[in-house]
Amino acid sequence: MNIAQIETNLQHLIDDFNKESFIFDLLLAYGTPKSTIARLQQSSASMFGGLGEDVVIKKKVFFREVDNSNLANELESLKIIEKVKKQDPRFIVVTDYETLLAYDTKTTESLDILLMEITQSLDFFLPWAGMEKHKGVEEQEADVKAAERMAKLYDEITKENPTQTHEEVHNLNVFLSRLLFCFFAEDTGIFEENQFSLAIKNHTQEDGSDLNTYLDGLFRVLNTPNAKRGGDGGGVGGGRDAMHGVSRDGGKDAMHGVSTEIPTYLASFPYVNGGLFRNQHSVPVFTQRSRRMLLDCGLNLQWRDINPDIFGSMIQAVITPEHRGGLGMHYTSVPNIMKVIEPLFLNELRDEFDTIVETRHATSLNIGQTTSVQTRHATSLQTRHATALRQLLKRIWNIKIFDPACGSGNFLIIAYKELRKLEMDIFNELGTFAFSEISLSNFYGIELDDFAHEVATLSLWLAEHQMNQIFRARFGDAKPALPLQETGNIVQGNACRIDWETVCPKNVVTEQGRSELAEVYILGNPPYLGSSMQSAEQKDDMALVCKGFENYKNLDYIACWFVKGAQFIAGGNAQFAFVSTNSICQGEQVALLWPKIFEKDLEISFAHTSFKWINNAKANAAVIVIIVGILNKNHQKNKFIFSEGRIQLVKNINAYLAQGNNIIIKKQNKPISILPDMTYGNKAVDGGNLILDEQAKNEILSNDSNASKFIRPLLGSYEFINGAMRYCLWIDTSFAAEAMLINIINNRIKNTKDFRLKSIDEGARKLSEKPYQFRDFLCSKTQSIIIPRVSSERRKYIPIGFLNSDTIILDSAQAIYDADPWIFAVINSQIHMNWVCVVAGRLKSDYRYSSQLCYNTFPFPPISDKQKKELEQHVYNILAEREKHSEKTLAQLYDPDKMPDGLREAHRLNDLAVERCYRSKPFENDEERLEYLFKLYETMIAEEKEKGTLFETEKKSKKKTLKGAKE
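This write-up is about the structure you can find in this document. If you're wondering where the values come from, they're calculated on a predicted model, not measured in any experiment.

Applying the stated rule across the entire model yields 46 aromatic pairs. A ring pair is formed by Phe175 and Phe286, whose centres lie 6.0 Å apart and whose planes are at 70°; its orientation type is edge-to-face. Here the residue Phe175 occupies a position in helix 7 (residues 166-187), and Phe286 occupies one in the loop between helix 10 (264-267) and helix 11 (288-300), the gap between them amounting to 111 residues. In this structure an aromatic cluster arises from ring pairing among Tyr656, Trp822, Trp835, Phe858, Phe860, Tyr918, Phe923, Tyr932, Phe934 and Tyr937. The ring of Phe568 is capped by Lys506, whose NZ or CZ atom sits 5.3 Å from the centre of that ring.

So, on to the side chain of Thr188. With respect to the element layout, Thr188 can be found in the loop between helix 7 and helix 8 (195-203). If we ignore the near neighbours within four places in the chain, the residues touching Thr188 are Arg304, His465 and Gln469.

A word on the sheet that holds strand 25 (residues 783-788). Read across the open sheet, the 4 strands follow the order 21-29-25-27; overall the sheet is antiparallel. Each of the sheet's edge strands pairs with one partner strand only, and the pair in question is strand 21 (679-680) and strand 27 (801-804). Pairing analysis gives 4 bridges linking strand 25 to strand 27, with the strands arranged antiparallel. Of the residues in strand 27, the one forming a bridge with Ile786 is Gly801.

With respect to burial, helix 20 (residues 559-569) is a largely interior element, 10 of its 11 residues being buried. If you check which residues of helix 20 are buried, you get Ala559, Cys560, Trp561, Phe562, Val563, Lys564, Gly565, Ala566, Phe568 and Ile569. Among the residues trailing helix 20, Gly571 stands out with phi positive, at a value near 75°.

Moving on, we get to the sheet that holds strand 5 (residues 110-114). Overall, mixed pairing links the 5 strands, which are arranged 1-2-3-4-5 in an open sheet. At either end of the open sheet lies a strand with only one pairing partner, and these are strand 1 (55-57) and strand 5. For this sheet, the mean angle separating the axes of adjacent strands, direction not counted, is 10°. With 5 bridges joining them, strand 2 (residues 61-65) and strand 3 (residues 91-95) adopt parallel strand pairing. Counted as the bridge partner of Phe62 is Ile92 from strand 3.

Turning to the nonpolar core, a few remarks are in order. In terms of nonpolar packing, the biggest core is built from 218 residues, with Phe181, Leu215 and Trp594 touching the most fellow members. Ranked by the residues each element gives to this core, the list is headed by helix 16 (residues 410-430), at 12 residues. Setting aside anything within four residues of it in sequence, one finds Trp594 in contact with Phe562, Ile584, Cys585, Ile604, Val628, Ile630, Ala655 and Ile664. Membership of the second largest hydrophobic core comes to 31 residues, among which are Ile37, Val61, Leu122 and Trp128.

A word on the pairing of strand 20 (residues 646-650). Across 5 bridges, the pairing between strand 19 (residues 639-643) and strand 20 is antiparallel. By the bridge assignment, Ser643 is partnered in strand 20 with Arg646. In this antiparallel pair of consecutive strands, strand 19 and strand 20, the connection spans 2 residues, and Glu644 shows a positive phi of 50°.

Right, let's talk about helix 25 (residues 743-757) for a bit. The end-to-end C-alpha separation of helix 25 is 21 Å, in line with the 21 Å expected for 15 residues at 1.5 Å each. Of the surrounding secondary structure, the elements contacted by the buried residues of helix 25 are strand 22 (691-692), helix 22 (694-703), strand 24 (726-729), helix 24 (736-739) and helix 26 (762-766).

All right, on to the environment of Leu180 then. In this structure, Leu180 sits in helix 7. Note on Leu180: relative accessible area 2%, which makes it buried. As a C-alpha pair, Leu180 and Cys297 span 117 residues in sequence and 9.7 Å in three-dimensional space.

Taken residue by residue, a regular strand's side chains alternate between the two faces of the sheet. Where burial is concerned, most of strand 11 (residues 443-447) is hidden: 5 out of the 5 residues are buried. Burial along strand 11 is two-sided: Phe443, Gly445 and Glu447 and Tyr444 and Ile446, pointing in opposite directions, are all buried. In terms of strand pairing, strand 10 (residues 400-403) meets strand 11 through 3 bridges, oriented parallel. Bridging from a neighbouring strand, Phe402 pairs with Tyr444 of strand 11. In the classification by handedness, the crossover that spans strand 10, the intervening helix 16 and the parallel strand 11 is right-handed. Sheet topology note: the strand 11/strand 12 (residues 490-492) ladder contains 3 bridges and is parallel. Note on strand 12: the bridge partner recorded for Ile446 is Val491.

Between Leu482 and Pro483 the backbone carries a cis peptide bond, its omega angle lying at -5°. By secondary structure assignment, the location of Pro483 is in the loop between helix 17 (450-475) and strand 12. Phi at Asp88 is positive, roughly 50°, even though this residue is not glycine. Checked against the element boundaries, Asp88 lands in the loop between helix 5 (82-87) and strand 3. Residue classification places Asp88 among the partly exposed positions, given a relative accessible area of 40%.

A word on the packing of helix 20 against helix 21 (residues 587-598). For the pair helix 20 and helix 21, interaxial distance at closest approach is 10 Å and the crossing angle is 10°. Looking at the two axes, helix 20 sits roughly parallel to helix 21. Regarding helix 20 and helix 21, the two cross each other, and that crossing is left-handed. Taking contact as the criterion, the partners of Ala559, Phe562, Val563 and Ala566 in helix 20 are, on helix 21, Leu593, Trp594 and Ile597. Grouping the constituent residues of the contact of helix 20 with helix 21 by class yields 7 nonpolar, no polar and no charged.

A word on the environment of Lys666. Considering the arrangement of structural elements, one finds Lys666 in the loop between strand 20 and strand 21. Note on Lys666: relative accessible area 54%, which makes it exposed. Counting along the chain gives 191 residues from Lys666 to Thr857, while the straight-line C-alpha distance between them is 7.7 Å. The residues touching Lys666, leaving out its near neighbours within four places in the chain, are Gln852, Leu853, Thr857 and Tyr937.

Conventions we followed
- Residues numbered from 1 in each chain as written.
- Predicted model: local features only at pLDDT ≥ 70, side-chain atom pairs only at ≥ 80, totals over all residues.
- Heavy atoms only, no water.
- Phe/Tyr/Trp six-rings, centres within 6.5 Å; stacked < 30°, edge-to-face > 60°.
- Helix = DSSP H or I, 4+ residues; strand = E, 2+ residues; numbered from the N terminus.
- Lys NZ or Arg CZ within 6 Å of the ring centre and 35° of its normal.
- Contact = heavy atoms within 4.5 Å.
- Pairing = 2+ DSSP bridges.
- Buried < 20%, exposed > 50% of the residue type's maximum accessible area, 1.4 Å probe, protein only.
- Axes fitted to C-alpha atoms, helices over the stretch in contact; angles between N-to-C directions.
- Core = buried A, V, L, I, M, F, W, Y, C linked by side-chain atoms within 4.5 Å.
- Expected span 1.5 Å × (residues − 1).
- Right-handed = clockwise from strand over helix to strand, strands pointing away.
- Parallel < 35°, antiparallel > 145°, perpendicular 65-115°, else oblique.
- Left-handed = near helix turned anticlockwise from the far one by under 90°.
- Nonpolar A, V, L, I, M, F, W, Y, C, P; charged D, E, K, R; others polar.

Spelled out as structure tokens, the structure:
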């Protein structure tokens, strides 16, 4: 049974609802055998009482019907009844036939829905149909549950508390962040265990009517210092409105700095501080259902197991998709964050620590086994090692971490945790410890979104508490959790408009009072947004940050962060690394952005080449990204390229994230190699009148068979790759008058003329002088090579091919007219594809093949006629293998998972033959091929410049000679 069938079954259950048979119908909907249901229906024995009969299938379900007032309590009691446990049901289900509550004993997930909405939660009972619910890759189960349940709670709250104004949205967001803190606090020792949830359960009405008032009073208490808590709490009759925390005798509460009496049932809650509960915001109203869901989040989730970095996913659950898309948010999993922070700074710190430890241990082995002089020397070394460890500690304590697009703080949190782990390892190695000196005040962030800014601060507090607990477990003591300390370094605002140095100062004052350059690491995952996706405000950001850049409007929005990052670190003791779309290291964007970065005496320190970015967000954003680290040239550091699980140590990383000098591949109007010209196919500019489908072609021919000489086959990229066919009117000027005698053709020509005359483009209006022709009128005399301009990035080779002289190539493809066959071998080779992968632009993730960037810049050496003949033979072999599968399209033949073995082998042999044109020794890998190509490109460009200089010198000399002769 599949999910579609289950959905249909559940809809029938609702449409023909019968409470007498409800549980049986529900089981049947998920594929429980009818024979099993028949036996259940025949049994009239009630197992444990209740309003009606309990229905039990061992290891599958325990079902009970209850009245509305007892639903939640009944479910909780059934979880612990021994007789129910012995049946080991996967699900415990209770209902009053309006609301349905259920509990999954395996996953500990709960369901609380209106019964008529059961189709919306069909996945909850999928195990009945033999299908376990999906779990995200590399996500902790507790994190996923928390995000999902908080999302459902938020949705339920907004039903009774619609948010229309910015203030209402802000209030609800602040409430959620406070709720997250309280859940976390009661599970991690900040509060007493389950103190928050049990207080709500025991002190508020089941219908939720007074919950908002209770929480309003509680939040005031959490913001009241102990010194300002008056009396013994007062309680009932204490002369004050305990719920609101305001004295009836006119006394003011802690919000205004005056002593406040605290009711007895709230007095045990501690003072939190940190600003989290400082400002007064309206608490939303609750219903019975939303109160139950809140308690479920608190009592049935283990918040101690939840990473603070999952709060980013929770933000995505509570802000609108439109808002999320507008901010370019991509919340990030821990493994991906480590790809940034390890090569940026963590590996270097760890290596320094490991070196000290290894040397120290080697020295300690010699003490007691040598002469007294040698022992004293070894002891002296031990002292120096301890000093080195303390110096490393001091360095770690002074490091600044700055995320100028921090979202909910994921990068800052993980960086903080990793530094705390290293600090603990150093304490352990020293054999002594003090409390952590890694201060949250050294973690800086800028975030545009108001709620994300709030959660970033909260998440850092919670991360600090988690690490303090680990510290206590390891060393027996830690700083007290409360009161929270102010951080003050997460700033809300537009990172493109803010001076980063005002947020994170580059200098630090030493103990001696001197001002020195701080060790700063800038990192993060800024918003990407291509030029066509940017809002008006973001376009203004680009104009401000990239002022003076040529064609800056063609850059992705993330370029702002690279530009500002370069400005910040230039000449200082700072580095940065950002996650980015790979487009800034491909195509024309390279020439627009990277010279501006390199001119500041900066270089690329490490790079992760293109990979899919999978994260922990509720709406998982799987995009193709790169990671690029930048530092000052005078900072001596090994350079690494990370690619498909391999790590390559290199001398230099260029803007294409390949090993090689910092050269920029610029568009060329002519090939730099001895290759024929490549041009666009033919553009019609016809309003669809000169291009024909099969039906239109046949209609013309049925009217006049003589029209066939004016019709040609027409292929663009899509048609060629997918085996489709179109046609066009192809009319030479000398035959135009004859063509227009055919009425059906003449009408199309007139329509083309009208279309062109109405255009706002002057060039298109001028084309109306020849309305019977495409804008371009290019075709071959012999044969042409067609090269699709866009091809899937999954393919190892762009499918190209030969077309006869009758076939017209559309402008969605490139063309080489009257091409020699060996050219096919070069363009269709692996080494050419290596070049394309690096220098081509992208349409989404697909290759955008450009003659100016991909073909004209491709360095290919001069070759002999013998080599050309060898390449031709490989071309014929490839075509022969294609012909063996003529029933398949090129899309099918070049699918990497389905490519025929014979075709794959023919391409492999062609690859080797093309590479022998460069050198006799085969290349080891793609990195070696690219390094060779970049060097050859650099040489060829230098030769071109030299020729140009010689030409200009010769030209000037001739002019001078002529001038002298005239005189």
